[in-house]
Every structure is written in structure tokens, then in C-alpha cells.
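Working through the structure, step by step
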Amino acid sequence: MNTSGSILQQLHIAELDQKGIQLFVKRDDLIHPIISGNKWRKLKYGIQIARSKGCDGLLTFGGAYSNHLVATAAACNELGLSAVGIVRGDELSPESNQTLNKCQELGMTLVFVDRMTYSLKDEKAYLEELLLSCPNHHIVPEGGADYYGMIGCQEILNEVDEDFDQIWLACGTGTTAAGLSTGVTGDAELHVVPVLKGFEVENTIRELLFKSAYDEEFILECLGRIKSHTDYHFGGYAKYTDELLQFIKEFYNDYGIPLDPVYTGKAMFALMDTVKKDALEDCKILFIHTGGLQGAASIQKESGISLYGN
Ligand SMILES: *Cc1c(COP(=O)(O)O)cnc(C)c1O
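Attention shifts here to the sheet that holds strand β6 (residues 137-139). With respect to topology, four strands assemble into an open sheet ordered β5-β4-β3-β6, the strand pairing being parallel. The two strands at the open ends of the sheet, each matched to only one other strand, are β5 (109-113) and β6. Along the sheet, successive strands turn relative to each other by an average axial angle of 25°, direction set aside. In this structure, strand β3 (residues 57-62) lies alongside β6, joined through three bridges in parallel fashion. Among the inter-strand pairings, G57 is bridged to a residue of β6, identified as H137.

Shown next as C-alpha cells:
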């Protein structure tokens with residue numbers, strides 16, 4: 001598996017052209033139909049470590065609609081590794097939705113646990129207990145939020161030769177943003193759009209960076225690049241409004257790029273809204289399309305709105 005499908009695409013949007021803003025999109029959504037976007041970036045080194053340790057497979061965690069869970073299931077399936085997914089919610093089953101269905105279809109063993117138990121997911125004692133029932137598995141935290149996840153995302157910018165003034169992206173656990181913050185050259189700003197309500201961008205990214213081997217001075221430099229836009233969560237994780245869905249639909253019609261309602265739709269909306277409010281001009285922007293179309297399917301079904309012209 002590689003990232004050669006992720007092209008750099010320039011978009012011509014009238015509102016941006018008028019203000020001298022150049023916009024390029026890094027199409028990580030094109031890496032793989034299921035293991036798309038930052039999910040492959042975040043899994044790559046965890047898988048490499050699992051293999052070099054001679055592990056049988058990966059054990060990871062996720063909620064009912066987790067893109068990370070499906071990506072892990074698909075990657076392990078393709079690479080001949082075993083996959084175990086610990087799922088939040090003991091009322092759920094593989095039949096509950098398309099995401100869990102897909103995980104099972106791809107051979108992932110799903111274990112449904114109550115919320116209380118799930119909250120132990122980062123506790124050493126709980127992890128050791130889990131490994132007793134599925135020994136020789138490499139543990140990847142929820143959302144791929146560890147050092148390996150970060151260094152995988154750092155590589156996104158190695159594939160881009162040009163310099164940018166600003167880089168924009170959606171943020172869930174902050175792993176992708178943390179990784180990018182360590183890979184930025186020059187004085188580009190990193191504009192982060194959290195999709196969770198009340199998410200503490202700076203603190204979360206600081207914690208992730210401190211878990212790595214970076215020195216404090218470098219970490220402060222990384223944090224200094226970050227600008228967060230906290231007013232575009234549309235009510236919280238996986239919440240959406242008609243305005244957001246209409247925006248995504250029109251964006252696809254006009255530019256042929258599918259955005260999802262959970263992550264990239266909110267981030268692109270934030271960027272366009274910032275332009276509209278006259279807060280941006282004469283600059284060169286890179287938007288990281290982190291993928292996520294797997295999750296869009298269930299929202300299209302739920303809302304009854306078809307987003308991508310079908
Ligand atoms: C998981 C996901 C994110 C969040 O990435 P983090 O590294 O957890 O911040 C962003 N966009 C899409 C499409 C995702 O699936």
C-alpha cells in the first residue's frame with residue numbers, strides 16, 4: 001500500500017481568485033477506497049512495528065461510526081494480519097450500522113463493551129487484560145493517536161514541493177495536526193478546525209508532542225504555528241445542519257471534490273467562511289483532504305440528502 005494516489009490539485013474558486021488566494025488540495029482521500037486519508041498515514045508505522053515484533057495483528061478501539069476502525073480492519077485484511085476492534089457500546093452489534101458491518105465483513109473480531117469499560121482504553125492494566133484473550137497483538141490507541149500515528153502524518157508534507165502560507169485541516173484526536181506541525185518548513189501557519197465541541201486543540205496537541213522524543217524548544221515552535229477555529233463543529237461530533245449538507249453538495253457539484261459531513265466538510269466550510277469574513281487575502285493555502293467518505297454514507301442515509309449527485 002502506498003500514497004501515490006494522493007495528488008496535489010489546484011482549485012479555482014471565484015471568491016478566492018478575487019482576493020488573490022491560491023488554493024491547493026492534497027487529495028489523501030484518493031489513497032485507498034476504504035483506508036483513506038489520514039487513516040492509512042496513521043496506521044502505517046504501527047503496522048510496521050507490529051510486523052517487526054512478529055505480532056499476529058492489531059488491536060484497537062473505536063466508536064460506532066469510527067473511520068479508524070474500518071481502516072484498521074481493511075488494512076489488516078489486505079496485509080494478512082488479524083484485527084480486533086474494541087467498540088464503545090454494549091448495546092451495539094455488527095448489524096447496528098454499515099461501519100460495524102464492514103468491519104466484520106473484513107474479518108475484524110468485534111468486542112462490544114459498555115462505556116465504563118471503554119473508558120479504561122488507555123489504562124495499562126486493562127490493556128494487559130485484553131492481551132490475555134488475544135495475545136501477540138500490537139495495540140493502537142483510539143483514532144491512531146500515538147507517536148507512530150504522528151510520524152505517519154508528518155510525511156504528508158514530504159510529498160509537497162511547494163511552500164504555503166497556510167495549511168488547513170479538520171481535527172478529531174489532533175494526531176494529524178500534531179504530525180503536520182512537526183513537518184512544516186518555513187513559517188507556514190497550521191489552521192486546525194476541531195469537529196468536536198469544546199475540544200482543546202492546543203493542550204491535546206501539546207500532550208501528543210510531549211509523548212514523543214521531541215525537545216521542548218521544538219515543541220513550542222510546533223505549537224506556535226497552530227491557529228484553531230473552534231466555532232465550526234456544527235453542534236459536535238457527527239452533528240450537522242442543512243447548511244453544512246448544502247455546502248458539501250454544492251462543493252461537489254462545482255469542483256468535483258467529495259467532502260464528508262463529519263470532518264472535511266466542516267474544515268472547508270470554516271476556510272470559506274473565513275474568506276467571506278474578509279479575514280484572508282493574497283496568500284497560498286494548502287487544504288489537507290483527510291478522507292472520510294466511509295462515514296458520509298450513513299449520514300446521507302439518515303438525512304435523506306444525497307451529497308454527491310446520485
Ligand atoms: C479521523 C479523521 C480525521 C481526524 O484526524 P485526527 O488525526 O484524529 O485529528 C479527520 N478527517 C477525517 C476524514 C477522518 O476520518
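With respect to spatial proximity, 14 residues lie near the ligand, and among them K39, G172, T173, T176 and T290 are the closest. Take G172: an N or O atom from its main chain is 2.7 Å from an oxygen atom of the ligand. When isolated, the ligand has an accessible area of 390 Å², and the protein chains bury 97% of it. Given that more than half its atoms are within 2 Å of the pocket grid, the ligand belongs to the largest pocket. Breaking the shell around the ligand down by element, the ones donating at least two residues are α2 (38-52) and α8 (175-183). The residue makeup of the shell around the ligand, split by class, is two nonpolar, 10 polar and two charged.

Glancing now at the packing of helix α11 (residues 242-255) against helix α12 (residues 264-276). Two elements in contact, α11 and α12, have axes separated by 10 Å at closest approach and are oriented at 85°. The orientation of α11 with respect to α12, classified from their angle, is roughly perpendicular. Facing E243, L244, F247, I248 and F251 of α11, the residues of α12 in contact are G265, K266, M268, F269 and M272. Residue composition of the contact of α11 with α12, grouped by class: seven nonpolar, one polar and two charged.

A word on the layout of surface pockets. Within this model, the largest pocket holds a volume of roughly 910 Å³. Forming the boundary of the largest pocket are 46 residues, of which Y65, S66, N67, Y237 and Y263 lie nearest the centre. Counting residues per element, the lining of the largest pocket draws most heavily on helix α3 (residues 67-79), which supplies four residues.

Let us look at the pairing of strand β4 (residues 82-88). The element β4 is extensively covered by neighbouring structure, given that five of its seven residues are classed as buried. Pairing of β3 with β4 involves six bridges; the strand directions are parallel. Bridge assignment links L59 to a residue of β4, and that residue is V84. Read as a crossover between parallel neighbours, the route from β3 over α3 to β4 is right-handed. The pairing of β4 with β5 spans five bridges and is classified as parallel. Each residue of the ladder has a partner; that of V87, found in β5, is F112. Where the polypeptide runs from β4 across helix α4 (residues 98-105) and back to β5, its parallel neighbour, the crossover connection is right-handed.

The rules behind each value
Residues numbered from 1 in each chain as written. Predicted model: local features only at pLDDT ≥ 70, side-chain atom pairs only at ≥ 80, totals over all residues. Heavy atoms only, no water. Pairing = 2+ DSSP bridges. Helix = DSSP H or I, 4+ residues; strand = E, 2+ residues; numbered from the N terminus. Axes fitted to C-alpha atoms, helices over the stretch in contact; angles between N-to-C directions. Near = heavy atom within 4 Å. Polar contact = N/O pair within 3.5 Å; in protein donor to acceptor, adjacent residues only side chain to side chain. Areas by Shrake-Rupley, 256 points an atom, 1.4 Å probe, with all protein chains shown as cover. 1 Å grid on protein atoms, 1.4 Å probe; cavity = no way out; pocket = protein on both sides within 12 Å on 5 of 7 lines; lining within 4 Å. Sits in = over half its atoms within 2 Å of the grid points. Nonpolar A, V, L, I, M, F, W, Y, C, P; charged D, E, K, R; others polar. Parallel < 35°, antiparallel > 145°, perpendicular 65-115°, else oblique. Contact = heavy atoms within 4.5 Å. Points joined across faces, edges and corners; volume = space filled by probe spheres on them. Buried < 20%, exposed > 50% of the residue type's maximum accessible area, 1.4 Å probe, protein only. Right-handed = clockwise from strand over helix to strand, strands pointing away.

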